[in-house]
Every structure is written in C-alpha cells, then in structure tokens.
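As a plain string of letters, each chain reads:
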Amino acid sequence: VTLSLTVEQIPVYRFSFTGQYVVATDSAPGATTLTAWQQPKVATNANTTAFSLHSFGAKLTELSIDLANADVQRPVIGAATEVFITDRKPAGSVTVDASTMADKNWFSIVEAATLGALAITHGPAANQVQINATKVQLTQPRYGEREGVMTVQMGLILVPTAGNDEIEIVIL
C-alpha cells in the first residue's frame, strides 16, 4: 500500500494485491450501506495540520510513503500454494518549499545520514488520521519549483526502532 498526500487533492491509499487464482462464479452482490460515509477532505492548510519533518515545520506540497511489502507466491508439493510477505522496506518521497539554509539545511542532514521524525495530521477534529514515523532518513535532495516557488524534493527511508515500527497510522 502507498499513501499519498498532495496539496489541494484528496489524500489516498493505493493498494496492490497478490492473490491466488480461483475460478469465477456467479453470486448476488452484497448490500451497500453508506449512511456512515464521510465526505473526504482535500489536503489544505485548514484540513491538514501539524506537519513536521526532522523537527521542522516545513511547508509541505507532497508526501508519498510506500510500505513496500515484498510478497511471493510459494508453490510446494504436498500443500496448497501460499502467499507470504517476506520483507518490507518502507520508503517514499516528500516535497517541501525550500527554506533558507539557516532555517533548515536539508543537504547537510542528507550528507550526515541523520535520522529524524516525520509527523502529519489530516482531517477535521474527531475524524483525523495521523501519520508518524520516528526514524526517517532523507535521501537524494534536489531543487524543484512549484508555481514559481523553489521547492526541495527528497527521498524518504523509514527505519525501524524495534521490529516493525517504522510507521504508525493513528485514527483519532
């Protein structure tokens, strides 16, 4: 799954599935209940708050995080074929407005391979999603431009502290 948050767009999760082939059959569709459906909120300054990267309140343009699960179908003799998740290497990218070097020197952070936190909250009160990653390494910084304003785009590597805790998705 990849989560994507871009300014002035609805944040989304993009799923990719691996499964086993089963012959299709006819069946009746299930009942649909949409009474609890919430209208999605676009990523704006009003709807998306508290973005922080390496202890700096950067002006975010785009954030993408891929959980990067490595899955394999494993056929064996004497048992059914199974699908296993054998590894994961969460990574992504971030684009922020360029700051002065005195405010935040992204290039020296990358050069030193410094780990720092990433945090962002999206949605109205009582219907929020919070993304936390406590150890993020920034990679490959490069300047760009959005609407005539200089930006910095960087790669992200999410590093675990103990086991599988590279990222935390909290529903508030």
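It should be emphasised that the depicted structure is a prediction, and the values quoted were computed from it without experimental measurement.

> Can you break down the overall build of the protein residue by residue, with the values?
Assigned secondary structure in the protein consists of 1 helix and 11 strands. Walking the protein from its N terminus toward its C terminus, one meets helices and strands in the order β-β-β-β-β-β-β-α-β-β-β-β. Over its C-alpha trace the protein gives a radius of gyration of 20 Å, far above what one expects of a compact globule, namely 16 Å for 172 residues. Looking at the protein as a whole, 27% of its 172 residues qualify as buried. If you take every contact in the protein between residues at least 6 apart in sequence, the share linking residues at least 24 apart comes to 65%. For the protein, the computed accessible surface area is about 11200 Å², with 54% contributed by carbon and sulfur atoms. The protein carries 10 positive and 15 negative side-chain charges, and their two centres are separated by 3 Å.

> Mind laying out the packing of aromatic side chains, listing which residues take part and the relevant values?
In the structure shown here, the tally under the stated rule is 4 aromatic pairs. Taking 6.5 Å as the distance between ring centres and 35° as the angle between the ring planes, the aromatic pair formed by Tyr13 and Phe15 counts as tilted. Owing to a relative accessible area of 56%, Phe15 belongs among the exposed residues under this scheme. Between Phe107 and Tyr143, the aromatic rings sit 5.1 Å apart at their centres with planes inclined by 45°, giving tilted as the arrangement. Separated by 36 residues along the polypeptide, Phe107 in helix H1 (residues 106-111) and Tyr143 in strand S9 (residues 129-146) bring together distant segments of the chain. Here the aromatic cluster, defined as three or more aromatic residues joined through ring pairs, consists of Tyr13, Phe15 and Phe17.

> Describe the pairing of strand S10 (residues 149-158), and please don't skip the residues or the numbers.
Looking at chain direction, strand S7 (residues 91-97) and S10 are connected through 7 bridges and run antiparallel. Across the sheet, residue Thr95 finds its bridge partner in S10, namely Gln153. Direction of pairing for S9 relative to S10: antiparallel, over a ladder of 9 bridges. Bridge pairing links Val136 to Leu158 in S10.

> Please set out the pattern of salt bridges residue by residue, giving values where relevant.
Using the criterion set out here, one finds 3 salt bridges in the structure. The shortest N-O distance in the salt bridge between Lys89 and Asp87 comes to 3.1 Å. The exposure class of Lys89 is exposed, given its relative accessible area of 57%. Two residues, Glu147 and Arg146, come together in a salt bridge whose shortest N-O distance is 3.6 Å.

> Tell me what's going on with the nonpolar core, and back it up with residues and numbers.
Residues Trp106, Leu118, Leu138 and Leu156 are the most contacted members of the largest nonpolar core, which totals 26 residues. Secondary-structure elements contributing two or more residues to this core are strand S1 (2-6), strand S3 (48-53), strand S4 (60-66), S7, H1, strand S8 (115-122), S9 and S10. Setting aside anything within four residues of it in sequence, one finds Leu156 in contact with Leu63, Ser64, Ile65, Ala91, Gly92, Ser93, Val94, Leu118, Val136, Gln137, Leu138 and Thr139.

Rules of the game
- Residues numbered from 1 in each chain as written.
- Predicted model: local features only at pLDDT ≥ 70, side-chain atom pairs only at ≥ 80, totals over all residues.
- Heavy atoms only, no water.
- Helix = DSSP H or I, 4+ residues; strand = E, 2+ residues; numbered from the N terminus.
- Rg over C-alpha atoms; globule rule 2.2 N^0.38 Å.
- Buried < 20%, exposed > 50% of the residue type's maximum accessible area, 1.4 Å probe, protein only.
- Contact = heavy atoms within 4.5 Å.
- Areas by Shrake-Rupley, 256 points an atom, 1.4 Å probe, with all protein chains shown as cover.
- Lys, Arg positive; Asp, Glu negative; His and termini not counted.
- Charge placed at Lys NZ, Arg CZ, Asp CG, Glu CD.
- Phe/Tyr/Trp six-rings, centres within 6.5 Å; stacked < 30°, edge-to-face > 60°.
- Pairing = 2+ DSSP bridges.
- Salt bridge = Lys/Arg side-chain N within 4 Å of Asp/Glu carboxyl O.
- Core = buried A, V, L, I, M, F, W, Y, C linked by side-chain atoms within 4.5 Å.

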